[in-house]
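Take a look at the letters that make up each chain.
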Amino acid sequence: MSRGDGKQSYGRLEEFDGYGTSTDPDGKKKKHVRSRSSCCSRSDDKKSGVAAYLCSARCLWQTVGVGVIVVGVLVVVMAFVMAIVERGHNDELETLVESLQQDTTQYARMAALCDLYPARISSSPSMDAAIEWILDQLQLEGMEGYTENASVPYWYQNPDGHNLKLLYPGVPRELAVTPLGRSIGTGPDGIEGYVLVVSSFDELNNRSAEAAGKIVVYDVDYVSYGDTVQYRSQGALMAASVGALASLTMSVTPESLYTLHTGGSTEATVPAGSITVEDAKMLHRMQNRGQIPLLHLVLDCENRGTYMSRNVIIDIPGTDYPDEYVIISGHLDSWDMNMAGAHDDAGGTLAAWQVVRSMYRNSIRAKRTVRAILWTCEELGGYGGRSYAADHLSELDKTSLAVEMDLGVFEPKELSVSGGDKTLAALAPVAETLLDYGLNVTLTPGSGGVDTRAMEEEGVPCMSLIPSESIPADGVYYSYHHTRADTPEKVDMGDFNDCSTVMGIIAYVVANMDDLLPHDTTTNT
């Protein structure tokens, strides 16, 4: 009620005895007298206690009742609206997941890409043709895709121009060989030299005097990909440092059926090649018997400067924040040797494309733009990702998350996340939603993929999808990895759809969050 001093007071509730009196704090009875400004009439003062009580209640109702009703109605209406919005989001996500789980088109496209355009090294005609094919496929479905230039290393190799021949001991014979990425060539006449087989860099250093003028062969037992790949990437540099003629590395794989595994090598002053596990072991046995092998090596390859390749980008514009982004991605390029590159990484590329395709076909849009990027030149050093980060530097603070799938297409098990504890905590709704759909995928501290690394260094939260067969050191993925055996029938369509569903849920949930994910430069390892 209104006091004489004009200030609003809600006073102290007094205890009415039902007879028109009330008890004050001292326990004394007093008459209950209404203010002249009360909503009750003057004559109400003489009413009985019950009537006075009812009049007082009526007065209170008239004072605050309308406001209570208005506030109550507003709360109900807002709750109803929020429920509709939330239900709309849930319905959209349900539709998206169902579409991703039932899709067969993108799996078929993955196979077609591998069959029609193998050996998609970033500076090759096959890669250029694959990009145009993807743009045509998008246009057929009414989708808009566009490309952005990326300067990449121009490494040339003649697939029919490589030869390795064992001249001694025993009967002369040809052995399988392929150049490693960025290797220099031997020249048309090739290199002839005796072999020194070593099992570690320490052994090479200890036998450096013997290595001079020889072809160094690395026979290193596979421990894990991360532990063993250094001999492929650094072997030529180390061999050159001790005066060797060339470097040949045993294929990095837990299991071999006379299968060549290629991959990148740091550019060095001596040629670098890959040979099979079986031939590396044979050469080592010969050396141990005192029969020093003599080889003739020809590698027809060279570095030709730079080449202008392209990233392919497909956007589903955001409804509320179109200039904020959630990126899902895979890399389109593969290695040479007529390699299909199904697991690495046509599967990841087509799975990212599948998410935006399903959103487009079902008219699903999130608050933020969902952007699929099909990277060029991951295999030769992540130049497509570097180029994107440099060209979009001003947008990176508005990029909530960048996801890459580049570790094969098997049952999705883990999501490696950069950015520290705050980022992991903010992604809790993603883990919960995945579990709601029966996808038991664990979020772990770590880092993103090769192509998102440049964004990660600028503080963008990044994520790498890790399937089941990429986690154990002897996972079957590493038997197919960088080989001609990495073909479409090795990819299970159910696993493919599960991986695309994981990326779809991540993209949808993060793109609809109230805030961007926390940005920092912490990389969890």
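Just so we're clear, the structure is a prediction, and the values are computed from it rather than from any experiment.

About the criteria used
- Residues numbered from 1 in each chain as written.
- Predicted model: local features only at pLDDT ≥ 70, side-chain atom pairs only at ≥ 80, totals over all residues.
- Heavy atoms only, no water.
- Helix = DSSP H or I, 4+ residues; strand = E, 2+ residues; numbered from the N terminus.
- Contact = heavy atoms within 4.5 Å.
- Areas by Shrake-Rupley, 256 points an atom, 1.4 Å probe, with all protein chains shown as cover.
- pLDDT = per-residue confidence, 0-100.
- Salt bridge = Lys/Arg side-chain N within 4 Å of Asp/Glu carboxyl O.
- Buried < 20%, exposed > 50% of the residue type's maximum accessible area, 1.4 Å probe, protein only.
- Lys, Arg positive; Asp, Glu negative; His and termini not counted.
- Pairing = 2+ DSSP bridges.
- Axes fitted to C-alpha atoms, helices over the stretch in contact; angles between N-to-C directions.

Caption draft 1: Seen up close, the overall build of the protein. Each helix and strand counted, the protein has 15 helices and 19 strands in total. The long-range fraction of contacts in the protein, counting pairs at least 24 apart against all pairs at least 6 apart in sequence, stands at 80%. Roughly 23,600 Å² of accessible area belongs to the protein as shown, and the carbon and sulfur atoms make up 53% of that amount.

Caption draft 2: Main features of the confidence of the model for the protein. Per-residue confidence for the protein gives a mean pLDDT of 88; residues scoring 70 or more make up 82%. At the low end of the mean pLDDT range in the protein sits strand E1 (residues 15–16), at 34; at the high end sits strand E15 (residues 368–375), at 99. Low pLDDT, under 50, characterises residues 1–47; the predicted model gives this stretch 54 contacts beyond four residues in sequence or across chains. Of the regions scoring below 50 in pLDDT, residues 80–87 engages in zero contacts with residues more than four places distant in sequence or in other chains.

Caption draft 3: Structural view of the pattern of salt bridges. Summed over all chains, the structure comprises 17 salt bridges. A salt bridge links Lys367 to Asp514; the shortest N-O distance between them is 3.5 Å. Residue Lys367 is located in the loop between helix H9 (342–361) and E15, and its partner Asp514 is located in the segment after helix H15 (493–511); the two are separated by 147 residues in the primary sequence. Here Lys367 falls in the buried class, since its relative accessible area comes to 18%. A relative accessible area of 61% means that Asp514 is categorised as exposed. One salt bridge in this structure joins Glu395 and Arg371, with 3.6 Å as the shortest N-O distance. In this pair, Glu395 is assigned in the loop between helix H10 (383–391) and strand E16 (399–405) and Arg371 in strand E15, connecting sequence segments 24 residues apart. In this structure Arg371 comes out as buried when scored by relative accessible area, which is 4%. Each of Asp103, Arg109, Glu141 and Arg357 takes part in one network of salt bridges that share partners.

Caption draft 4: Structural context of the side chain of Glu378. Here Glu378 shows up in the loop between E15 and H10. Look at Glu378: it is buried, it has no salt bridge, and the nearest opposite charge is Arg453 at 7.3 Å. Sequence-distant contacts of Glu378, defined by excluding residues within four places in its chain, comprise His331, Asp333, Asp406, Val450 and Asp451.

Caption draft 5: Quick peek at unusual backbone geometry. Following Tyr168, the chain continues to Pro169 via a peptide bond in cis, the omega torsion being 0°. Along the chain, the position of Pro169 falls in the loop between strand E5 (163–168) and strand E6 (173–175). Note that the residue after Asp344, namely Asp345, is joined by a cis bond; omega there is 5°. Although it is not a glycine, Tyr258 adopts a positive phi angle of roughly 55°. With respect to the helices and strands, the residue Tyr258 is situated in the loop between strand E10 (246–250) and strand E11 (272–275). Residue class for Tyr258 comes out partly exposed when judged on its relative accessible area of 37%. Positive phi outside glycine occurs at His482, with the angle close to 60°. As for its placement among the helices and strands, His482 is situated in the loop between helix H14 (477–480) and H15. By relative accessible area, which is 4% here, His482 ends up buried.

Caption draft 6: A look at the sheet that holds strand E19 (residues 462–467). One open sheet holds the eight strands; their spatial order is E4-E13-E15-E14-E16-E19-E17-E18, and the pairing between them is mixed. Each edge of the open sheet carries a strand with a single partner, namely strand E4 (145–157) and strand E18 (442–445). Each strand axis lies, on average, 25° off the axis of its neighbour in the sheet, ignoring direction. The pairing of strand E14 (residues 321–331) with E16 spans five bridges and is parallel. For Ser329, the partnering residue across the bridge sits in E16 and is Glu404. Relative to E14, H9 is tilted by about 150°, and along the sheet it contacts strand E13 (301–316), E14, E15 and E16.

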